[in-house]
Amino acid sequence: MKKYNEFRRIILMCLLLITGFATIAQNTKVELQIDSIMKVYKMVGLSVAVVKKGDLIYTHSFGLKNIATNTPLTDDNIFRIASISKSFSATAVMQLVEAKKLSLNDDVSNLIGFKVRNPKLPDKVITLKMLLSHTSSLSDSHGYFTLDSINPAKTSNWDKCYSDYAPGTSYAYCNLNYNMVGTIIERVSGERFDKYIKAHILDKLGLYGGYEVSALDSSKFATLYEYDSATRQFVAADGAYNPRTAEINNYVMGYSTPIFSPTGGMKISAADLARYMTMHAYYGKYKGTRIISKKSAKTMQTPVSGGEGGYGLAIRTANNTIIPGEVMKGHTGSAYGLYSMMFFHPKKKFGIVAITNGCEVSYDSGFNPALKAVENVLYEEIIK
């Protein structure tokens, strides 16, 4: 019996070693392919995370966190992820809907404290759902960094914030929509926007990140770089992590919310973003912690319009456009030279996050081709 147990132990050790060597070989192959993609697109740095069946099975960072100091990018570095941030705001709204503090069909005018009406169709109510799905008829043509741009009491040019189409009848991506959504979250919950997201989403999932720059460890920030095509140089985007201390010191609850950029200001690592993504892949639940109901999660993932392949509430559908043959759900982001992608398959339960802090690209069918290529490598070599 002792000899049998010893033999069994040796066999198990051999199997573990074989599995370990196979994993190393697989990862090396992945990393060589991604290195090649980075050279083609002159990527400064790249962080990736892969989820399969609810587990984070692969993370890796490539390239540089900072060009000037030649500091390598690491998995715990955090990025301002741009428009993927919108899904955090939509998730918070669904929590408040479940708490019966508001409804998706509520008139935005009643929620935000000033009249929100397209002057061309003043009798048409603009609802919260329209803001969340970019069907509100609002536009960014008059700016979106402050509510003063659309508040009739603050500007005579408020009408420039509206497009020509009737609210609810068409799709037009608009960052102002989500800075207004963040303001509504603050007004309805009674909690400052950034603190609400931290307490009700990030902390519950055990994630490190947030919207307030000064509350985070600045040594973890990955420097973001904009590519100057004229000089063929990468220029650090100093404004990406502006703490906006003076504005926060004079903060007006329920109005100053765009300071935190609910539309694009979340700072988080690729790995923690992947954990958050997994919550959506499992319809509102992650590792036993429920953030929103299954019904709410499905509402977010259900297209409201045909825009961008089918846009729901801060989650779009990518049907055969990122990974051939797969229908993915998620969002992209781009700002200050950063590009980000977060997409998952709600039925097959896999997902991929890829974030670069700078590259030389042009968009291909609405997606960054460098990140699209990276996601396909990760799918083919790790998921498939």
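Residues numbered from 1 in each chain as written. Predicted model: local features only at pLDDT ≥ 70, side-chain atom pairs only at ≥ 80, totals over all residues. Heavy atoms only, no water.

## Quick look at the overall build of the protein
Right, on to step 1. On a plain count of helices and strands, the protein comes out with 10 helices and 14 strands.
Right, on to step 2. Compactness check: the protein gives a C-alpha radius of gyration of 22 Å against a globular reference of 21 Å for 384 residues, within 12% of the reference.
Right, on to step 3. The principal-axis extents of the C-alpha atoms in the protein amount to approximately 85 × 55 × 40 Å.
Right, on to step 4. The burial tally for the protein puts 54% of its 384 residues in the buried class. (Helix = DSSP H or I, 4+ residues; strand = E, 2+ residues; numbered from the N terminus. Rg over C-alpha atoms; globule rule 2.2 N^0.38 Å. Buried < 20%, exposed > 50% of the residue type's maximum accessible area, 1.4 Å probe, protein only.)

## Observations concerning the pattern of salt bridges
Right, on to step 1. Taken as a whole and judged by the stated rule, the model has 14 salt bridges.
Right, on to step 2. The closest approach of N and O atoms between E360 and K42, which form a salt bridge, is 3.2 Å. Of this pair, E360 sits in the loop between β14 (350-356) and α10 (369-383) while K42 sits in the loop between α1 (2-40) and β1 (45-52); the two residues are 318 residues apart in sequence, bridging distant segments of the chain.
Right, on to step 3. For K42, a relative accessible area of 43% puts it in the partly exposed group.
Right, on to step 4. A salt bridge links R192 to D194, with the nearest nitrogen and oxygen atoms 2.7 Å apart.
Right, on to step 5. We classify R192 as buried; its relative accessible area is 15%. (Salt bridge = Lys/Arg side-chain N within 4 Å of Asp/Glu carboxyl O.)

## Notes on the environment of N357
Right, on to step 1. Mapped onto the fold, N357 is located in the loop between β14 and α10.
Right, on to step 2. Its relative accessible area of 0% is what places N357 among the buried residues.
Right, on to step 3. Residues N357 and Y339 lie 18 residues apart in sequence; the distance between their C-alpha atoms is 6.7 Å.

## What about the side chain of S89?
Right, on to step 1. Positionally, S89 belongs in helix α2 (residues 86-98).
Right, on to step 2. Residue classification places S89 among the buried residues on the basis of a relative accessible area of 0%.

## Quick notes on α10
Working note: α-helix, 3.6 residues per turn, so residues spaced by three or four point in the same direction.
Right, on to step 1. Given a rise of 1.5 Å per residue, 15 residues ought to cover 21 Å, and the 20 Å separating the end C-alpha atoms of α10 matches this to within 8%.
Right, on to step 2. Taking burial as the measure, the 15 residues of α10 include 13 buried ones, the bulk of the element.
Right, on to step 3. Near the N-terminus of α10, the side chain that reaches the backbone nitrogen of A370, with its oxygen 2.8 Å away, is that of N368. (Expected span 1.5 Å × (residues − 1). Polar contact = N/O pair within 3.5 Å; in protein donor to acceptor, adjacent residues only side chain to side chain.)

## Focus: the sheet that holds strand β8 (residues 267-268)
Right, on to step 1. If you trace the three strands from one edge of the open sheet to the other, you get β4-β8-β5, paired in antiparallel fashion. Sheet topology places β4 (79-80) and β5 (209-210) at the edges, where each strand pairs with a single neighbour.
Right, on to step 2. Note that β5 and β8 share two bridges and pair antiparallel. In the strand pairing of β8, G210 is matched with K267. (Pairing = 2+ DSSP bridges.)

## A look at the sheet that holds β1
Right, on to step 1. Judged by pairing direction, the sheet is antiparallel, and its seven strands sit side by side in the order β3-β2-β1-β14-β13-β12-β11 without closing on themselves. A single partner strand is all that each edge strand has here, and the edge strands are β3 (71-72) and β11 (316-319).
Right, on to step 2. Bridge count between β11 and strand β12 (residues 327-335): four bridges; the pairing is antiparallel. Across the sheet, residue R316 finds its bridge partner in β12, namely G330.
Right, on to step 3. Contacts from α10 reach β1, β2 (55-66), β13 (338-345) and β14 within the one sheet, and its direction differs from that of β14 by about 140°. (Contact = heavy atoms within 4.5 Å. Axes fitted to C-alpha atoms, helices over the stretch in contact; angles between N-to-C directions.)

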